[in-house]
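What the coordinates show
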Amino acid sequence: MQPVATTFFFYFLSGLTVIAGVLVITRRNPVHSALALILALLGQAGLYLMLYAPFVAGVQIILYAGGIMVLFLFVIMLVNIEKSQKEEQFNKQWVVGILAAVALGVLFVLVYTKGKSLFPDRVAQLPEQSNTQQIAVMLYGNYMFTFEIASLLLLVAIIGAVVMAKKRI
Amino acid sequence: MVEYIKSYLGSSTTPGQAGNVFWASVYILLIFLGLSVAVIAMNWLERKILAHMQVRLGPMRVGPHGLLQPIADAIKLLIKEDIMPSQADGFVFWVAPIVVVITAFTVFIVVPFGPTHAVTDMNIGVLFMLGVSSLSVLGIVMAGWASNSHYPLMGALRSSAQMVSYEIAMGLAVVSAVLMTSLNATGTGTLSMIGIVQSQQAQQVWFAFKFFPLGLIAFFVFAVAMVAETNRAPFDLPEAESELTAGFHTEYSGFRWSLFFLAEYSAMIAVSSIAVTLWLGGWLRPFPHLLSGSTWDLVFSLLPGATFLLLGLMAFVGVFRMPKHPYFRVQTIGLAGFGVILGLIGLLLFLPPVRDRIQDIFWFSAKVAFFMYLYIWYRGTFPRYRFDQLMKVGWKVLLPVGIGVLILTAVAGVLL
């Protein structure tokens, strides 16, 4: 089936992601920030779908739903909401902030001006049906070593969490 | 316009794949309607069956044998006062039931009621179902937190811990079933719901019975995890009445509460249909290869109509067993009318064109209905787990068993 109204959906999803992203940092209540974050991540999953990467979109939803869940619990258990609503929200690090913004802006301008030579002219049209298989071939074939290192890192994190949380092992 | 509507009828794909918006909308409406009716029926059946298990009569007053009780309940809920606690977080309190309902209904767009009877077929079907249904826990935690009260918060915390930990066992069981699809002659696995059923058809075995007993164990792990995932007894700790009043929806009343109710039951139907699709052959009738041939085809195609005729007959038996007192006259006539309607539906299902089209849907629904009965049966017979026992079962039993089955399935797939 041919996609319909791709321009509309691109701007809709991008707008949703950007607005939700802004809400994440401007809401005073941390729970509202977590909810805005899940909205932003869902918009991103929609953008992955538009790029013919349904597997990545599905994994994005599953992983971040669980991730935000944990974040939510941290907020409920660790953050004092009454206190955090009275606190000043942004700390005064104008210099660092401006530097980071300028660096990012320069990067954007460079990508916009030199993008034609840096990136391929059009996206390689992979058949949507084999997206899952393609990712499997990449992860377990071409990038096997990096993938295993990443999983080792996660294992270390798990063991570290257990060691820190439990007094007697 | 008419051409556009007709153009889909000849095709052999789902409306979503054919890109036909009209038929996709029709399917969505039909599924929505069917689900609502199923939830209403489930409400009545659950109370009746639980009552009979406890040697009670259950609802008997509203309509014959309490048949109109769910409708009366729905009206009561709709006209009840809708209370929001004054200290609650207004927006989150308002949006939580909506999130739960949307996630519970969205998953049904990939449920295959037949080779063409689904809204659409995605090539990440199972992943989509698991992902979207895992979002529903967010709605539950939002409801619990926004109520700004102790019992709901406790219920929500329990619910999140339970759902996050049982999701892992569930995922491992699903992966071992998906692995089985890749072991057919073509050698490519699939995550699409329709593709999974078709590969069971091609391998001539339901995945529950493949690599006996590996498929059965994976199915069992899923069957336990799905009860925990839907917060039903014996894992209904998030809404344990004796300790948490009503758990995460204690502060909800009226229409909002009914949304939680609707979402819970449609989530039960959704996970049951994942189980049916992955392990019990989806829309395939029993023994499509062993009992093949035109005679058996005819016999099995007559079964849907025969089921409805049997139900109608049972209604008529009820008519004759009604007390003969004039007070019960209206109820007796109502029950007879209900029996006639069931019988007419049964006769309609005997017509050859209807019969051929309805078969897949009937077998799928019958298998899902079996799971629904199991849910009620569990609730009637199992005592509730304690929370530490629940966590122990999830992490120390189901998770290792799931990993073991996954590895053994892969080994068996390579060796056999």
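This is a predicted model, so every value here is computed, not measured.

**Concerning the overall build of chain B**
- Scanning chain B for helices and strands turns up 16 helices and zero strands.
- Expected size for 416 residues packed as a compact globule is a radius of gyration near 22 Å; at 23 Å, chain B falls within 12% of this value.
- Along the longest, intermediate and shortest principal axes, the C-alpha atoms of chain B span 60 × 55 × 50 Å.
- Put simply, chain B has 416 residues, and 44% of those count as buried.
- Expressed as a percentage of contacts within chain B between residues at least 6 apart in sequence, the contacts between residues at least 24 apart total 76%.

**Thoughts on the interface of chain A and chain B**
- Contacts between the two partners involve 19 residues from chain A, matched on the other side by 22 residues from chain B.
- Listed by contribution, the elements that provide at least two residues to the side of chain A that touches chain B are helix 2 (30-50), helix 3 (54-78) and helix 6 (131-142) of chain A.
- The leading source of residues in the side of chain A that touches chain B is helix 3 of chain A, at twelve residues.
- Its residues assigned to classes, the side of chain A that touches chain B comprises 13 nonpolar, five polar and one charged.

**Some thoughts on the domain arrangement of chain B**
- Each assigned domain of chain B is listed with its residue range as follows: domain 1 (82-284 + 368-415) and domain 2 (301-350).
- Look at where the C-alpha atoms of domain 1 of chain B and domain 2 of chain B centre, and you get two points 35 Å apart.

**Some remarks on the domain arrangement of chain A**
- The domains assigned to chain A are domain 1 (1-86) and domain 2 (129-169).
- The gap between the C-alpha centroids of domain 1 of chain A and domain 2 of chain A is 23 Å.

**Thoughts on the packing of helix 3 (residues 21-53) of chain B against helix 15 (residues 352-381) of chain B**
All names here are of chain B.
- Relative orientation of the contacting elements helix 3 and helix 15 amounts to 40 degrees, with a least axis distance of 10 Å. With respect to their mutual orientation, helix 3 and helix 15 come out oblique. Between helix 3 and helix 15 the crossing geometry is right-handed. Packed against helix 3, whose contacting residues are Met42, Leu45, Glu46, Ile49, Leu50 and Met53, the element helix 15 presents Met372, Ile376, Arg379 and Gly380 at the interface.
- Taken together, the residues of the contact of helix 3 with helix 15 break down into seven nonpolar, one polar and two charged.

**Describing the nonpolar core**
Residues and elements named next belong to chain B.
- Ala173, Val221, Phe222 and Ala225 are the most contacted members of the largest nonpolar core, which totals 118 residues.
- The element contributing the most residues to this core is helix 12 (residues 254-279), with 15 residues.
- Beyond its immediate stretch of four places on either side in the chain, Val221 contacts Ala169, Ala173, Leu398, Val401, Gly402 and Val405.

**Looking at unusual backbone geometry**
Residue and element names in this part refer to chain B.
- For the bond running from Phe212 to Pro213, omega is 5 degrees, close enough to zero to count as cis.
- Note on placement: Pro213 falls in the loop between helix 9 (193-202) and helix 10 (214-229).
- Unlike most non-glycine residues, Val55 shows phi in positive territory, near 55 degrees.
- Among the secondary structure elements, Val55 is positioned in the loop between helix 3 and helix 4 (69-78).

The rules we used
- Residues numbered from 1 in each chain as written.
- Chains lettered and ligands numbered in written order.
- Predicted model: local features only at pLDDT ≥ 70, side-chain atom pairs only at ≥ 80, totals over all residues.
- Helix = DSSP H or I, 4+ residues; strand = E, 2+ residues; numbered from the N terminus.
- Rg over C-alpha atoms; globule rule 2.2 N^0.38 Å.
- Buried ≥ 20, exposed ≤ 12 C-beta atoms within 10 Å, placed from the backbone.
- Contact = placed C-beta atoms within 7 Å.
- Nonpolar A, V, L, I, M, F, W, Y, C, P; charged D, E, K, R; others polar.
- Domains from an automatic or database assignment.
- Axes fitted to C-alpha atoms, helices over the stretch in contact; angles between N-to-C directions.
- Parallel < 35°, antiparallel > 145°, perpendicular 65-115°, else oblique.
- Left-handed = near helix turned anticlockwise from the far one by under 90°.
- Core = buried A, V, L, I, M, F, W, Y, C linked by C-beta atoms within 7 Å.

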